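Observations on the model geometry
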Amino acid sequence: MSERATFDRILASLYEAALDGARWPFASALIDDALGAEGNALVVGADQPGGDVRIFYAGFYYRDERNTEWERRYFDDYYARDERIPRLRKLPDSQLVHCRDLYTGEELKNSPAYNEALSVGHTQDSINVRLDGPGGSRIVWVVNDSVDMGGWSSRQIELIRRLLPHVRQYVSVRLALADAGALGSSFDELLAATGCGIVQLDGRGRILAANDRARELLRAANGLLDQGGMLSASWPEDDANLQRLVARALPPLGAPGTAGSMMVRRSGMQPPLKLQVVPAGNQEAEFRAWPVAVLVFITLPRSLTRLNPDLVEASLGLTPAESRVAVLLAEGKTVGQIAAAVGREQSTIRTHVRHIFGKHGITRQVDLVRLVLSIGT
């Protein structure tokens, strides 16, 4: 099989695994075979206040077998004292690093993590990389030791680099499924999911299929609608944002798409809808072989009437003015609408938003909305 055919086969398996987690072992084995690696490990987490890290997922795979016993042993006995971990977290996005370069000379001689754990895990000669994930998440991918005792060739390193955006995309889809409450669904079951609306788009951005919940929302045409086979938003500003997200998820051939999220306003007293637009297909593969290119998850955030500005103020360390702005943003209001509601200039509202961003180390409005919606009363 040619290198191009092998690469395309890996990508197809990655996208299938993104939609059906049971298929990851097969995709993992294909990667190992193509790279000539003993296995690979994927860890997904997020930074927490105080420097802690919350791990959402960790899987150590050796060909098509997951070694859960070794996962538990590593995290119980070695993870907290593995000198490599804090250095790995600080690596620039997508920079490949040889495992040995993450330890000092003294640590290579005496570190239990390197000399015991990594020896057992076949990762002393591994290639390590950190990727920025969606919503501030962090992805660590470790390609285990090369089966070739001569070390890593330039061909192997280049293949790892080519796979990085697709591994990132795999994680983005899995996190979106988790947020939508459909993580345990198989590909065939996704459209049957009733906890959220799910719309599948093809490579031209046209609606392929939608589950009952999504069809109900589209028929109501309040916030979202089917406009000649295209997914659209009722408000022009929201629709422009939606089309940008779909375009980002459908890049030119050969480039990976990127995921994004937004809030969609509805008229009357209806709370806004939360949309997650996630690439789900391989733009390099033949169109007929994998028609689903984008998944759009539509969810209704928890009742916004329960958002108490005083609680948001206390929980996030905001001033009363900042708290009110944060709550109104979470309700789907624009900066102009907030300025009119509170009797302030738009520049003042933007200043409040910048101050909130600075306090929580975020740079996007969608991350602020997620932060506010995560607070219950």
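Everything discussed here concerns the structure shown above.
Reading guide: rules and limits
- Residues numbered from 1 in each chain as written.
- Predicted model: local features only at pLDDT ≥ 70, side-chain atom pairs only at ≥ 80, totals over all residues.
- Heavy atoms only, no water.
- Buried < 20%, exposed > 50% of the residue type's maximum accessible area, 1.4 Å probe, protein only.
- Helix = DSSP H or I, 4+ residues; strand = E, 2+ residues; numbered from the N terminus.
- Pairing = 2+ DSSP bridges.
- Axes fitted to C-alpha atoms, helices over the stretch in contact; angles between N-to-C directions.
- Contact = heavy atoms within 4.5 Å.

**Some points on the pairing of strand E6 (residues 137–143)**
Most of E6 sits inside the fold, with six of its seven residues counted as buried. Summarising the sheet, strand E1 (residues 40–47) and E6 pair through seven bridges and their orientation is antiparallel. Across the sheet, alanine 46 pairs through a bridge with serine 137, a residue of E6. Judged from the six bridges that link them, strand E5 (residues 127–132) and E6 form a sheet pairing that is antiparallel. Looking across to E6, one finds that valine 129 is bridged to tryptophan 141. Hairpin geometry of E5 and E6 is characterised by an intervening segment of four residues between the two adjacent antiparallel strands and by a positive phi of about 65° at glycine 135.

**Details of the sheet that holds strand E8 (residues 207–210)**
Across the sheet, which stays open at both edges, the five strands sit in the order E8-E7-E13-E12-E11 with antiparallel pairing between neighbours. Because the sheet does not close on itself, it has two edges, and the strands there are E8 and strand E11 (260–264). Ignoring strand direction, the axes of neighbouring strands in this sheet form an average angle of 20°. Bridge count for strand E7 (residues 197–201) against strand E13 (residues 294–299) is five bridges, and the pairing is antiparallel. Bridging across to E13, glycine 197 finds its partner in isoleucine 298.

**Some details on helix H11 (residues 320–330)**
The element H11 is extensively covered by neighbouring structure, given that eight of its 11 residues are classed as buried. Within H11 the residues assigned to the buried category are Glu322, Ser323, Val325, Ala326, Val327, Leu328, Leu329 and Ala330.

**Notes on the sheet that holds E6**
Strand order in the open sheet formed by six strands is E3-E2-E1-E6-E5-E4, with antiparallel pairing between adjacent strands. Unpaired on one side and paired on the other, strand E3 (65–66) and strand E4 (97–98) mark the two borders of the sheet. Across the face of the sheet, helix H2 (residues 24–35) comes into contact with E1, strand E2 (53–62) and E6 while running at roughly 65° to E2. Sitting on the sheet, helix H3 (residues 68–77) touches E2 and E3, and the angle it makes with E2 is about 140°.

**A few points about unusual backbone geometry**
Notably, arginine 63 is not glycine yet its phi reads approximately 60°, a positive angle. As for its position among the elements, arginine 63 is in the loop between E2 and E3. Here serine 94, not a glycine, exhibits a phi torsion of approximately 75°, which is positive. Looking at where serine 94 falls in the secondary structure, it is placed in the loop between helix H4 (84–89) and E4.

By themselves, these are just geometric observations and shouldn't be taken as functional.
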